[in-house]
Amino acid sequence: MESLASLVAPLRDGLYAVMTPVSDFIWSYILVYLLLGAGVLFTVMTRGMQFRLFGHMAKVTVTARGAGEGVSGFQAFATSLAARVGTGNLAGVAIALWVGGPGAIFWMWITALVGFATSFVESTLAQTYKHRNEDGVFRGGPAYYIERCLGWRWLGSLFAIFLLVAYGLAFNAAQSNTIAQGMNGAFGIPHWLSGIVLVAVVALVIFGGLKSVARTAEWIVPFMAIAYLLVALWILFANISAVPAMLALIVKSAFGFGPAVGGAAGYAIKAAMENGIKRGLFSNEAGMGSAPNAAAQATVKHPAAQGLVQSFGVFVDTLVICSCTAVAILLSGVYQDMLASHAGQSIEGIKLTQDAMVDHLGTFGEVFIAIAILLFAFTSIIANFSYAAINIEYLFRHHARKAVHVLRWAVLGMTLVGAMAKLEFVWHFADLAMGLMATTNLFAILIMSPIAIRVLQDYERQRNSGVSEPVFDPKVLKRPDQVDADVWPPKGV
């Protein structure tokens, strides 16, 4: 084993030498501004749809059930939420707090607020340009709408490759790594054993195809989200007197006013912004181009309806679940104790979250977080597979079945390896892949955003005229010939 480690170390160090500067440049000089700028622009273009239509958004999400033989709007929502809710909500929030300080939570919230509009635009485009697959489930997403609308298959292929690297490899390794950390911390289970059991359970779902993923997500995701919220609310009300001070700390720290922790740069505005936005995007995925792959699967009457459903997912993921983690950590004594004893050192995010829950709930807290991360990360892995499958089908159109079969084994392999890999390398790899994906998708949807706005206007025009369930007709588009005639207008929905 030592000889193997000595061979792997130079390769790992070489990858770090390439990945780190590229990832830092993308996040520091491109995505921080592109993500917030695009979100603000889309918010203006949609006339603040996240505020105007929030109530309707929630109603459409809850009632989006029936789909015949396909995938329902709620199942597509659950699939995207399964991918969103994972390590970013538990370990990622803790890492953002540690590196960027409490101010990172503020920038997470800002990312989510403008991310509503970004998620709506990309998911509506995915629905508009989807196509019907032979298995009865629609396919679509950034790779598809880039080619169909812009005619750039080369850019669609580039996005598909970035997504395969991120969701087929990096993110699955990150999720299984966090599961292994949590199970080891709570129950002393060896990492390799967690990896083997996880691979076996994941295999049962992903070999059943996209419908199997959607059905599994539909059952697990609502249960785990509600349970996590209830525990966080109990912690919040049990410490209600400390909440005003916590909120003040978050806001002041976002703008550089606060004691230095985790090194002098811990509370710097730049560190807070970068880590808050990075972990916010990793968690809610607005603008990354991942959720549109789930959105396109839904059988709905109007693309805007599913765009609104996916926007609501940003609210649930970041403004609810990520906030729950932040509340648990900041209201615990563990956070301040670790700052005093480990300042300037790196930490394992899931360990900080577990210790905070133990501080609030006793030994039950450690067990609860271990089970929560098991469910959160497991559903993320199966949802990640569905995203990767859709994009590998795009790349290998004439050999799609064989390509998806190979992908299944690659996903299982990375899940096993990730359970035993070092967390730092996995996160760096995930950051780079996510940055390249998001940059490509944001560039495309900025160009295509007027189409999404036209679709939203059609949806609202029908609702304002008294139509309870608007039906989409591609004639409202400037190029209706770019969408599939057997998809729009919808038949038998």
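Presented here is an overview of the structure given in this document. (Residues numbered from 1 in each chain as written. Predicted model: local features only at pLDDT ≥ 70, side-chain atom pairs only at ≥ 80, totals over all residues. Heavy atoms only, no water.)

### A closer look at the packing of helix α10 (residues 210-238) against helix α17 (residues 363-395)
Then, in step 1: The interhelical angle for the contact between α10 and α17, taken along N-to-C directions, is 150 degrees, at an axis separation of 10 Å. Classed by the angle they form, the pair α10 and α17 counts as roughly antiparallel. By crossing handedness, the relation of α10 to α17 is classed as left-handed.
Then, in step 2: Per-class residue counts for the contact of α10 with α17 are 21 nonpolar, three polar and no charged. (Axes fitted to C-alpha atoms, helices over the stretch in contact; angles between N-to-C directions. Helix = DSSP H or I, 4+ residues; strand = E, 2+ residues; numbered from the N terminus. Parallel < 35°, antiparallel > 145°, perpendicular 65-115°, else oblique. Left-handed = near helix turned anticlockwise from the far one by under 90°. Nonpolar A, V, L, I, M, F, W, Y, C, P; charged D, E, K, R; others polar.)

### Considerations on the packing of aromatic side chains
Then, in step 1: The full count for this structure, using the stated rule, is 15 aromatic pairs.
Then, in step 2: A centroid spacing of 5.7 Å and a plane angle of 70 degrees characterise the contact between Phe-207 and Trp-409, whose relative ring orientation is edge-to-face. Residue Phe-207 is found in the loop between α9 (191-206) and α10, and its partner Trp-409 is found in helix α18 (residues 400-420); the two are separated by 202 residues along the sequence.
Then, in step 3: Relative to Phe-376, the ring of Tyr-228 lies with its centre 5.5 Å away and its plane at 70 degrees, an arrangement referred to as edge-to-face. Taken together, the residues span a long stretch of sequence, with Tyr-228 in helix α10 and Phe-376 in helix α17 at a distance of 148 residues. (Phe/Tyr/Trp six-rings, centres within 6.5 Å; stacked < 30°, edge-to-face > 60°.)

### Comments concerning unusual backbone geometry
Then, in step 1: With an omega of -5 degrees, the peptide bond running from Trp-488 to Pro-489 counts as cis.
Then, in step 2: Turning to its location among the elements, Pro-489 is positioned in the segment after α19 (423-464).
Then, in step 3: The phi dihedral of Arg-47 is positive, around 55 degrees, even though this residue is not glycine.

### Observations concerning a nonpolar patch on the surface
Then, in step 1: A grouping of Trp-192, Leu-193, Ile-196, Val-197, Val-201, Leu-416 and Met-420 is seen on the molecular surface, where their side chains present a nonpolar patch of about 610 Å² in accessible area.
Then, in step 2: Counting only elements with at least two residues in the nonpolar patch, the list comes to α9 and α18.
Then, in step 3: When residues of the nonpolar patch are assigned to their parent elements, the largest contribution, five residues, is made by α9.
Then, in step 4: Summarising the element assignment, Met-420 is placed in helix α18.
Then, in step 5: In this structure Met-420 comes out as partly exposed when scored by relative accessible area, which is 47%. (Patch = residues over 30% accessible without salt bridge, like charges linked within 9 Å, V, L, I, M, F, W, Y side chains within 5 Å. Areas by Shrake-Rupley, 256 points an atom, 1.4 Å probe, with all protein chains shown as cover. Salt bridge = Lys/Arg side-chain N within 4 Å of Asp/Glu carboxyl O. Buried < 20%, exposed > 50% of the residue type's maximum accessible area, 1.4 Å probe, protein only.)

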